[in-house]
Amino acid sequence: MRWLLLVLAGGLHALAFAPGPLPAGLLALVQTLSMAVLAGAVWRASSVRAAALAGFGFGLGTFALGLYWIFISLHVYGYMASWLAATAVLLFAALLALFPALAAGLARRLAGPLAPAWCFLPVWAGAWAGSEWLRGTVFTGFAWLNAGYGHVDSVLAGWAPLLGVYGVAFMAALVAAALAAVVLRPRRDRIVAMLAGAVVVLAGVGLQQLRWGVQPYGEPIAVRLVQGNVGQSNKFDPAMIVAALDMHLRLAAQAPADPEFAPDLVLLPETAVPLFQDQLPEHLWQPWIDVAQGWNTTLVTGVALHTPGPDGTSAFTNSVIGLTGQTTAQDLINARVPYRYDKAHLVPFGEFVPLGFRWFVDAMVIPLGDFNRGAPRQPPFQIAGQRIAFNICYEDVFGEELLPALRNGPDGEPGATILANVSNLGWFGNSWALSQHLQIARMRSMETARPSIRATNTGATAAIDARGRVQASLATHTAGVLDTSVQGMTGLTPYARWGNAAALVLIVLALACAWFVRGRPGRPGQERPDQEA
């Protein structure tokens, strides 16, 4: 029964990562309360094994519900049998649940039920944040549903420019353990827990007031973000490709509501051109050039690129390209474009097939590829006086990988002033995936103090300011354009300078707390006879 309650608490935890069905104002509270249930169970667990099982149950509830939208891509669009798709989601959730299990088991091992609050709180926070970092790193990483994303709209977000999302997850776990202590522990532990929680929260409030030396750069850039809302079932249908291209072009060229608006940048989603660029004939590329020339703008779109090499080999990349009115159709066909970004962090199964999983890919009817990886740092696009660093799809889940583009390049080239993401989440229907991804993008802006622009196929298309606030957005699963202006920023936050290093140091120091009380009566790890497993 207790284990089932932990699974249910994990399911409640899954609701904390984006508005809907819960309002934004409740997300942080729900995240804290649900994790407090797990922290209390780990603190009172009779053994390391019992703690690990508690963590596994909590993680299973979180990931099975929070990632339910994977079922849509496998069954609805991949034509996988429903039972096999559901099994795949549950197995994936169980795999991810091993990381909360590791955190719970480690915290119980280092700081058992006899540990005082001043020891358990940092050990639990360090174990949890450390497991989040491992989940976002090993086997190319899957950092979705990091606990820190539950606090995009809470005071704990003030820690993001200093320690990044893993630092926010650390503080969230510490506050959750403090809440558990207030409910479950003796008076001395309650006092320590309330003080620790108050310090973390008040520090978050104070950190939100800092600007970290970041300041506006240049003049705002006028941006048009295009959301095509092309049905995923039609996107790669040869009979529908030309119609989809025409629809994107009409949106890109349509008259703005404000007659004074003239975009410096027109941005279209990932794979708005759903073919390799050399599969599209010149007469279909020319209208794109005409739109760029008509607006006197730079038109940027997602497209798969085939780049022949001098030795007869070829590179295939999921890319973003930019073109102007001076670009020729033949330039585009030959991948000779003035602006180009190649995706560096590829999606397992979607963009490369992990060793031993060809059978799984063969069970789906989804156009997949084995793409080449782009370089870790690629030059930002210099458009209208701003420098724009692009990323594609779920690359923005890996915050540290975006940082090289913000720093000066090896030749002294200045870093980016704006972040841009192009995505196609049409694979996941009208699900939580869209709003969860928007929360992730908001966290990236908070960490780096850079505005973000997002052009997506079905949503969420939005402009986010340098403090992570949504300036403007389009309704999901509608076709339209979002005309807005974005102010670029310069200067580096501590997180932009250090990446995850500071959070990892904090995690190690927190876990080391257990060693400071070894040798003392009631030291962590010393069990009472009646508490042995």
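Before going into details, it helps to say that this report is about the structure given with it. Just so it is clear, the model here is predicted, and its values are computed rather than measured.

About the criteria used
- Residues numbered from 1 in each chain as written.
- Predicted model: local features only at pLDDT ≥ 70, side-chain atom pairs only at ≥ 80, totals over all residues.
- Heavy atoms only, no water.
- Helix = DSSP H or I, 4+ residues; strand = E, 2+ residues; numbered from the N terminus.
- Rg over C-alpha atoms; globule rule 2.2 N^0.38 Å.
- Buried < 20%, exposed > 50% of the residue type's maximum accessible area, 1.4 Å probe, protein only.
- Contact = heavy atoms within 4.5 Å.
- Areas by Shrake-Rupley, 256 points an atom, 1.4 Å probe, with all protein chains shown as cover.
- Pairing = 2+ DSSP bridges.
- Axes fitted to C-alpha atoms, helices over the stretch in contact; angles between N-to-C directions.
- Disulfide = S-S within 2.5 Å.
- Core = buried A, V, L, I, M, F, W, Y, C linked by side-chain atoms within 4.5 Å.
- Salt bridge = Lys/Arg side-chain N within 4 Å of Asp/Glu carboxyl O.
- Parallel < 35°, antiparallel > 145°, perpendicular 65-115°, else oblique.
- Left-handed = near helix turned anticlockwise from the far one by under 90°.
- Nonpolar A, V, L, I, M, F, W, Y, C, P; charged D, E, K, R; others polar.

Further remarks concern the overall build of the protein chain. When helices and strands are tallied, the protein chain shows 18 helices and 15 strands. The C-alpha atoms of the protein chain give a radius of gyration of 24 Å, which matches the 24 Å a tight globule of 533 residues would have. With respect to the three principal axes, the spread of C-alpha positions in the protein chain is 80 × 55 × 45 Å. Residues classed as buried in the protein chain amount to 59% of the 533 residues present. Once local pairs closer than 6 in sequence are excluded, the contacts in the protein chain between residues at least 24 apart make up 75%. A total accessible area of about 21,100 Å² is found for the protein chain, and carbon and sulfur atoms account for 64% of it.

Turning our eyes to something else, we now look at unusual backbone geometry. Peptide bonds are mostly trans, and most non-glycine residues show a negative phi. Following Gly20, the chain continues to Pro21 via a peptide bond in cis, the omega torsion being 10°. Relative to the helices and strands, Pro21 resides in the loop between helix 1 (2-13) and helix 2 (27-44). Ala460 follows Gly459 through a cis peptide bond whose omega is 5°. Mapping Ala460 onto the fold places it in the loop between strand 11 (452-456) and strand 12 (462-464). Of note, the phi angle at Thr271 is positive, near 45°, even though the residue is not glycine. Relative to the helices and strands, Thr271 is located in the loop between strand 3 (265-267) and strand 4 (273-276). Here Thr271 falls in the buried class, since its relative accessible area comes to 13%.

Pairing is mixed in the open sheet, where six strands are placed in the order 8-9-10-11-12-13. Each of the sheet's edge strands pairs with one partner strand only, and the pair in question is strand 8 (381-383) and strand 13 (470-473). Each strand axis lies, on average, 20° off the axis of its neighbour in the sheet, ignoring direction.

Further remarks concern the state of the cysteines. All told, the structure shown has zero disulfides when counted by the stated rule. Here Cys513 stays unpaired: no disulfide links it, and the sulfur of Cys119, its closest cysteine neighbor, is 6.2 Å away.

One recurring pattern in soluble globular proteins is that nonpolar side chains are buried together. Trp124, Leu267 and Ile453 are the most contacted members of the largest nonpolar core, which has 123 residues in total. With residues near it in sequence (within four places) discarded, Leu267 still touches Arg224, Leu225, Val226, Val300, Phe390, Ala420, Val422, Ile453 and Ala455. In this structure, Leu251, Ala292, Ala329 and Val481 belong to the second largest nonpolar core, which totals 31 residues.

Let us now look at the pairing of strand 9 (residues 386-392). If a strand is regular, its side chains alternate between the two faces of the sheet. Burial within strand 9 is extensive, with seven of its seven residues counted as buried. Burial of strand 9 is two-sided: the residues Gln386, Ile388, Phe390 and Ile392 facing one way and the residues Arg387, Ala389 and Asn391 facing the other way are all buried. Counting the residues between successive antiparallel strands, the hairpin from strand 8 to strand 9 contains two residues, one of them, Ala384, with a positive phi of roughly 55°.

Let us look at the pattern of salt bridges. Enumeration according to the criterion identifies nine salt bridges in this entry. Of the charged contacts, one joins Arg340 and Asp342 as a salt bridge, the two residues approaching to 2.9 Å between their closest N and O atoms. A relative accessible area of 25% means that Arg340 is categorised as partly exposed. The closest approach of N and O atoms between Glu447 and Arg444, which form a salt bridge, is 2.8 Å. With a gap of three residues between them, Glu447 and Arg444 both fall in helix 15 (residues 432-448), about one helical turn apart. The same class applies to Glu447 as to Arg444, namely buried.

Here we take up the packing of helix 2 against helix 3 (residues 48-66). Two packed helices can be described by the angle between their axes and the distance between those axes. The N-to-C vectors of helix 2 and helix 3 enclose an angle of 165°; their axes lie 9 Å apart at closest approach. For the element pair helix 2 / helix 3, the angle class is roughly antiparallel. Of the two elements, helix 2 crosses helix 3, and the hand of that crossing is right-handed. Contacts between helix 2 and helix 3 pair Ser34, Met35, Leu38, Ala41 and Val42 from the former with Ala51, Ala54, Gly55 and Phe58 from the latter. In the contact of helix 2 with helix 3, the residues fall into seven nonpolar, two polar and no charged.

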